[in-house]
Amino acid sequence: MILSLISYSIYTHISCFNETAIEIPPNPYANIKPLRPSDSKKAHFIYTDPEFRNKSLETYQGILQIPTEVYDFTQRPEIDISGWEPFLKLHEYLEETFPLVFKHLKVEKINKLGLIVTYQGSDSSLPPLLLTAHQDVVPVDTDTLKSWKYPPYSAHFDGQFVWARGSADTKNLLSGIFETFEELLKDGVKPKRTIIFAGGYDEEAIGRYDGAVSLSSFLEERYGHKSFYGLVDEGGSVSKFGDSWIATPSIGEKGYLDIYIELFVPGGHSSIPPDHTSIGIVGELTTLIESNPYPSVLTLDNPILDLLRTVGETSNELDDSIRYDYIHAKFDEGALKRTLERLTKEKGTKYLVRTSQAIDIIQAGVKINALPEVLTLGINHRISLELTADEIIHNVVGHVEKIAKKHNLGLTWNNSEVILDTTDEGHFNVYSVQALDPSPLSTTNDKTWDVFASSIKHTYDDIVFKSSNDTISVAPSLVGGYTDASRYWPLTDHVYRFIAATGAGYDIHAINERFEFDSHLQTIAFLYDYILNVNEYDS
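Thresholds, definitions, all that
- The residue count restarts for each chain, going from 1 along the sequence in the order it is written.
- Selection of residues for local features in this predicted model requires a pLDDT of at least 70, selection of side-chain atom pairs for listing and counting requires 80 or more, and totals for whole chains, interfaces and linings are taken over all residues.
- Side-chain calculation: all heavy atoms of the structure are included, whereas hydrogens and water are not.
- Any two strands with at least two DSSP bridges between them are considered paired.
- Under the scheme used here, helices are H or I runs from DSSP no shorter than 4 residues and strands are E runs no shorter than 2 residues, and both carry numbers assigned from the N terminus.
- A contact between two residues is defined here by any heavy atoms of the two lying within 4.5 Å.
- Lines fitted to C-alpha atoms define the axes here, with helix axes fitted over just the stretch in contact, and angles between the N-to-C directions of these axes take values from 0 to 180 degrees.
- Whether a residue is buried, partly exposed or exposed follows from its accessible area with a 1.4 Å probe, protein chains only, as a fraction of its type maximum: under 20%, in between, or over 50%, in that order.
- In the cavity and pocket records, a cavity denotes points on a 1 Å grid over the protein atoms alone where a 1.4 Å probe fits but cannot get out, a pocket denotes an open set with protein on both sides within 12 Å along at least 5 of 7 lines, and lining residues are residues with an atom within 4 Å of a point.
- Grid points are joined across faces, edges and corners, and a volume is the space filled by probe spheres set on the points.
- Three categories are distinguished: nonpolar for Ala, Val, Leu, Ile, Met, Phe, Trp, Tyr, Cys and Pro, charged for Asp, Glu, Lys and Arg, and polar for the others, with Gly belonging to the last.

- An unreviewed UniProt entry annotates the chain as Peptidase M20 dimerisation domain-containing protein originating from Wickerhamomyces anomalus.

Right under this line is the structure:
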């Protein structure tokens, strides 16, 4: 979705700069060649066979019709399964629908809901390949049900899109991995390298119930630190930039941080209020925070520069001056500055180069004639590559301290560290949840990347675009949202966040979420041949 906005931004700005070309090194992501398994007939079959299409649709719909919603505040499933029952129903459905997987592969549960499926390879000395997808979805607000075109858990298919909560995020990938395993088993594929599926259950709650964390720890204990060949999770997709198709696997993701600010003040009757109620004081604070956004920064190691260079070199629809800037941004200070300015102007791209801060929650007051005694403010941050969670915390606490001093209020950090003594006027308390620094950038200059990128090239040039004669480029990108991949860093340096799909998901986390079904078949076709390629060319 973000990459679609990048595509839009590229073609809505005209630059007036004229530059003399400078000599630059070759683009390491140019001229990627398709990597074809010895027999790729099955992937063609997956994408084109009507009978397989109908069966896949039925399977995908069945998974979507189970409302595996996850909430921010509930009991951990290993302590109390109440409220998590739909996940158990999903597991039953998977076992019924994929009999070969559950008969021939090792299926394990962690914390009652986390899934580990092991497709054992013949050579245990080879590091395993890890495929991941989360089982959970964002809850549907019952007040919005009448606004949905089709009921959110009907998984209605209109001939193009499947309409359902989770259709785009990310039960497409969950279903696709299980469908791929079932087909590999049906075809008698016996890989040399072990392939493992890990399915978390709390990605949409930012891992607060240790879903992917517990799976990662389990796998690290079994196989060892940095013991995996690579990992594929949700993230980038295939987007059209003008007239150029580019696959954009994300090799890094921004950090994540929730900060909660509590304000405790004396209550009383609304007929004799103080000059500033708690809501008024926090109103000042929110204005201060939003008036001081984080700076935009585009460093040379940001993979967005590699993506933009590839766009510049492959698209015929760019203005020449913009093309120059995109191609030369890594090597020309002026081009880098103009590219940063261009990205910062558009909502869809500015947060690829800036830390976001979104004030999403405010809770206060119980009665219109009673002064609110307790107020809670929640701020969500997605941290750019150049900053850390600690730096964001320091910045926010600084804003709170400024307001606290103005209103003669105390201030504590995490109910323990006293920054300003509590007064009769009240006090602030600030604490953080889910602090996660930006991810390391994954390796892209070795055979593991080459097999992955060349498999993408094969899927699209040879299968998806076969009749149109279109061709695809592959370039790394950055994901701005949280993924479970961030929890698997201890396992591998090759973390690729990518769903093979040309049809973007629409209205993700919103009313009328939907996913193009042809893209679901692309996902399965890619996974099938990627696994064959890893087995044949890098095992």
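1. Things to note about the sheet that holds strand β20 (residues 514–516)
In step 1: Pairing within the open sheet is antiparallel, and its 3 strands lie in the order β4-β5-β20. The outermost strands of the open sheet, each flanked by one partner alone, are β4 (156–157) and β20.
In step 2: Alignment of β4 against strand β5 (residues 161–163), held across 2 bridges, turns out to be antiparallel. Looking at the pairing, Phe 157 lines up with Val 162 of β5.
In step 3: Set on the sheet, helix α15 (residues 517–537) makes contact with β4, β5 and β20; between it and β20 the angle comes to about 65°.

2. A closer look at the environment of Thr 412
In step 1: Checked against the element boundaries, Thr 412 lands in strand β14 (residues 410–413).
In step 2: By relative accessible area, Thr 412 is classed as buried at 11%.
In step 3: C-alpha of Thr 412 to C-alpha of Asn 429: the two residues are 17 residues apart in sequence and 4.8 Å apart in space.
In step 4: If sequence neighbours within four positions are ignored, Thr 412 has contacts with Glu 417, Val 418, Ile 419, His 427, Phe 428, Asn 429 and Val 430.

3. A short note on unusual backbone geometry
Most peptide bonds are trans, and most residues other than glycine sit at a negative phi.
In step 1: Note that the residue after Asp 169, namely Thr 170, is joined by a cis bond; omega there is -10°.
In step 2: Mapped onto the elements of the fold, Thr 170 is located in the loop between β5 and α6 (171–186).
In step 3: In this structure, Asn 111 is a non-glycine residue whose phi angle is positive, near 55°.
In step 4: When you line up the elements, Asn 111 lands in the loop between β1 (106–110) and β2 (114–119).
In step 5: Of note, the phi angle at Asp 507 is positive, near 55°, even though the residue is not glycine.

4. What to know about empty space enclosed by the protein
In step 1: Evaluation of the coordinates by the stated rule reveals 1 cavity of 30 Å³ or more.
In step 2: If you add up the space inside the largest cavity, you get close to 40 Å³.
In step 3: For the largest cavity, the full set of lining residues is Leu 129, Pro 191, Arg 193, Ile 195, Ile 531, Val 534 and Asn 535.
In step 4: Among the elements that make up the lining of the largest cavity, the one with the highest residue count is α15 (3 residues).
In step 5: Looking at the lining of the largest cavity, its residues break down into 5 nonpolar, 1 polar and 1 charged.

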